[in-house]
Amino acid sequence: MKRPTIGVLTWREGKRFAEPAYFRKLLRAGRELGCHVFLFSPKDVLASGKRVRGYILNEQGKWQGQMFGRPDAVFDRYRYTPTQAFKDYVSFRRTSTFLYVNNRLANKWRVQEVLYKDPRMHQWLPETWLYNRGKLAQMLGRHPLLYVKPLNGTGGRNILRIERAAGGYRLLGRDRNRAKVSAVLARVSSVQKWVDRWTKGQKYIVQQGLRLDLVPKRAVDMRLLIQKDGTGEWSITGHGIRIGQEKSATSNLHGGGKAVPAEQLLRPRFGEGQTKQIVADCERLAFQTVQTLENHFGRMVEFGLDIGIDVDGRAWLIEVNPKPAREIFREMGLRQQYQKAIRRPLEYAVFLANTLGHEVRVHTKMAQGN
């Protein structure tokens, strides 16, 4: 059996890439698995789709471009940015006939709608609505804590926390540069005006806040990574608890948070038996989430799930990331899980290329009239 060629679709400008450190590790993992891995962007695909200008590392560890044939499978790591390049990528994905290991996922609100339509998900979903002034006022009346989040975004940017406090409302967030922003306002109308300025006319969601302060004055959640393996089956690679900085709206590691094993944080508070039940519920949540989303959006390869565990030990699905980082394992010193997290999408890509590759090539030749 020939060594499969796996393309990794990403943003490129010259020889600059979106995630260079991660991609270096990915290419190294490809060599260890015995497959050819290269990076490319939409503009690197020739009009016929039969040839691709791909980028690999040369012997000096520098990025080097060379021509490749059509990849046997493609791993899409193109992440959202508010740019024309991203719009071009979306157009490219709509017409591309490559064998992708992962389809595109919709924005946060559409994902929420899909999940809510499945009754099996209801136990884990906090109340969430598309943001407008009226809905914000209604939610402030029902919940003492809210989050306002952009429909598209990563790394904790532009997320705002609104908490009912004595005599008013306390607002805390991180802007697009992850800088902390805060305000204290007395009236709902003032909060509405402030949030209107924060959202700048862009689409946001407003979500029920949860009592996740298992560590006082800090945002705490679980990051769980679930991936397909080399047999095409979903498997939980691992999870850990992220603890945000003091007075931070998010727990993101990029924002200065730290990571610890789930049991280390949960056991002292909930005891051995309940801790096992909480972790098992988080894992059930993960398997149900990927089943529900894959049934709607089509084939996927991995998800990073942000799971809130409230002060009573109940699990809540906070956010779904289809193109997740995996640094939480490195932060916790779990080298074996970190390497597995890097390798698994390639293992699944090889599996897919070997099982569906011939079928896709025949279909593509027919579509091109060859």
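Quick caveat: nothing in here was measured; it's all calculated off a predicted structure.

What is the right way to read the environment of Ala 259 from this model?
Looking at where Ala 259 falls in the secondary structure, it is placed in strand 16 (residues 258–260). Of the residues examined, Ala 259 reaches a relative accessible area of 13% and is grouped as buried. Residues Ala 259 and Gly 240, 19 residues apart in the sequence, show an inter-C-alpha distance of 6.4 Å.

Just checking my understanding: could you explain the sheet that holds strand 18 (residues 315–321) for this structure?
To summarise the sheet geometry, strands pair through backbone hydrogen bonds and adopt either a parallel or an antiparallel arrangement. With antiparallel pairing, 5 strands are arranged side by side in an open sheet as 16-15-14-17-18. Two strands bound the open sheet, and with one partner strand each, they are strand 16 and strand 18. Each adjacent strand pair in this sheet contributes to an overall mean axis angle of 35°, direction not counted. Both strand 14 (residues 220–228) and strand 17 (residues 302–309) contribute to a ladder of 6 bridges, which runs antiparallel. For Leu 224, the partnering residue across the bridge sits in strand 17 and is Leu 305. Together, strand 14, strand 15 (234–243), strand 16, strand 17 and strand 18 form the strand contacts of helix 6 (residues 262–297), whose direction differs from that of strand 15 by roughly 135°.

Looking at this structure, how should I read the sheet that holds strand 11 (residues 168–174)?
Strand order in the open sheet formed by 6 strands is 8-13-9-10-11-12, with antiparallel pairing between adjacent strands. Edge strands, defined here as strands with exactly one partner in the open sheet, are strand 8 (128–130) and strand 12 (180–185). Within the sheet, the average angular offset between the axes of one strand and its neighbour, ignoring direction, is 20°. Direction of pairing for strand 10 (residues 159–165) relative to strand 11: antiparallel, over a ladder of 7 bridges. By the bridge assignment, Glu 163 is partnered in strand 11 with Arg 170. In the packing of helix 3 (residues 108–116) onto the sheet, the strands contacted are strand 8, strand 9 (145–150) and strand 13 (204–208), and the crossing angle to strand 8 comes to about 130°.

I'm lost on the packing of aromatic side chains in this one. Help?
Aromatic ring pairs are defined here through the distance separating the ring centres and the angle between the ring planes. Evaluation of the coordinates by the stated rule reveals 15 aromatic pairs. Relative to Phe 86, the ring of Tyr 78 lies with its centre 6.2 Å away and its plane at 55°, an arrangement referred to as tilted. Of the two residues examined, Tyr 78 and Phe 86, each falls in the buried class. By way of ring pairs, the aromatic residues Phe 38, Phe 40, Phe 68, Phe 92, Phe 98 and Tyr 100 are connected into one cluster.

Which parts of the structure should I look at to understand the side chain of Asp 306?
Mapped onto the secondary structure, Asp 306 falls in strand 17. Relative accessible area serves as the criterion here: at 10%, Asp 306 is assigned to the buried category. Within polar-contact distance, the side chain of Asp 306 engages the side chain of Arg 242 at 3.1 Å. When near neighbours in sequence (up to four residues on either side) are disregarded, Asp 306 contacts Asp 221, Met 222, Arg 223, Arg 242, Trp 316, Leu 317, Ile 318 and Glu 319.

Would you take a moment to explain the packing of helix 4 (residues 133–142) against helix 5 (residues 188–199) for this structure?
When two helices pack together, their arrangement is given by the angle between their axes and by how far apart the axes lie. It is the contact of helix 4 with helix 5, at a shortest axis distance of 10 Å, that shows an interaxial angle of 130°. Judged by the inter-axis angle, helix 4 sits oblique to helix 5. Crossing hand, helix 4 versus helix 5: right-handed. Residues Arg 133, Gly 134, Leu 136, Ala 137 and Leu 140 of helix 4 form the contact with helix 5, whose participating residues are Val 188, Val 191, Gln 192, Lys 193, Val 195 and Asp 196.

Whenever I open this one, the pairing of strand 6 (residues 63–69) confuses me. Can you help?
Across a regular strand the side chains alternate sides, sitting on one face of the sheet and then on the other. Here strand 5 (residues 51–57) runs beside strand 6; their pairing, made up of 7 bridges, is antiparallel. Bridge pairing in strand 6 links Leu 57 to Trp 63. In sequence, strand 5 turns back onto strand 6 through a hairpin of 5 residues, with Gly 61 there showing a positive phi of about 80°.

Can you walk me through helix 5 in this structure?
Three- or four-residue spacings in an α-helix give side chains the same orientation, since the helix completes a turn every 3.6 residues. Its 12 residues place the ends of helix 5 16 Å apart at the C-alpha level, agreeing with the 16 Å of an ideal helix rising 1.5 Å per residue. Every buried residue belonging to helix 5 is among Ser 190, Val 191, Gln 192, Trp 194, Val 195, Trp 198 and Thr 199, and all of these are buried. Tucked into the core, helix 5 has its buried residues touching helix 4, strand 9, strand 10, strand 11, strand 12 and strand 13. Immediately downstream of helix 5, the backbone of Lys 200 shows phi near 50°, a positive value.

For this particular structure, what's the right way to read the pattern of salt bridges?
Pairs can form between side chains of opposite charge whenever their charged atoms are close. As enumerated under the stated definition, the model contains 25 salt bridges in all. Put simply, Lys 323 and Asp 76 hold a salt bridge, and the shortest N to O gap is 3.4 Å. Of this pair, Lys 323 sits in the loop between strand 18 and helix 7 (327–331) while Asp 76 is found in strand 7 (residues 73–76), placing the two residues 247 residues apart along the sequence. Using a relative accessible area of 12% as the deciding quantity, one classes Lys 323 as buried. The closest approach of N and O atoms between Lys 108 and Glu 319, which form a salt bridge, is 3.7 Å. Separated by 211 residues along the polypeptide, Lys 108 in helix 3 and Glu 319 in strand 18 bring together distant segments of the chain. In this pair, the class of Lys 108 matches that of Glu 319, namely buried. A cluster of three or more residues bridged by salt bridges with shared partners is formed by Glu 19, Arg 77, Arg 79, Glu 302 and Arg 326.

Before we go on, may I ask you to explain helix 4 in this structure?
Taken residue by residue, helix 4 has Lys 135, Leu 136, Met 139 and Leu 140 as its buried positions. All buried residues of helix 4 lie within an arc of 135° about the axis, which places them on one face of the element. Residues of helix 4 that are buried sit in contact with strand 8, strand 9, strand 10, strand 11, helix 5 and strand 13. Of the residues that open helix 4, the one with a side-chain oxygen 3.1 Å from the backbone nitrogen of Gly 134 is Asn 132.

The rules we used
- Residues numbered from 1 in each chain as written.
- Predicted model: local features only at pLDDT ≥ 70, side-chain atom pairs only at ≥ 80, totals over all residues.
- Heavy atoms only, no water.
- Helix = DSSP H or I, 4+ residues; strand = E, 2+ residues; numbered from the N terminus.
- Buried < 20%, exposed > 50% of the residue type's maximum accessible area, 1.4 Å probe, protein only.
- Pairing = 2+ DSSP bridges.
- Axes fitted to C-alpha atoms, helices over the stretch in contact; angles between N-to-C directions.
- Contact = heavy atoms within 4.5 Å.
- Phe/Tyr/Trp six-rings, centres within 6.5 Å; stacked < 30°, edge-to-face > 60°.
- Polar contact = N/O pair within 3.5 Å; in protein donor to acceptor, adjacent residues only side chain to side chain.
- Parallel < 35°, antiparallel > 145°, perpendicular 65-115°, else oblique.
- Left-handed = near helix turned anticlockwise from the far one by under 90°.
- Expected span 1.5 Å × (residues − 1).
- Salt bridge = Lys/Arg side-chain N within 4 Å of Asp/Glu carboxyl O.
- Arc of directions from axis to C-beta.

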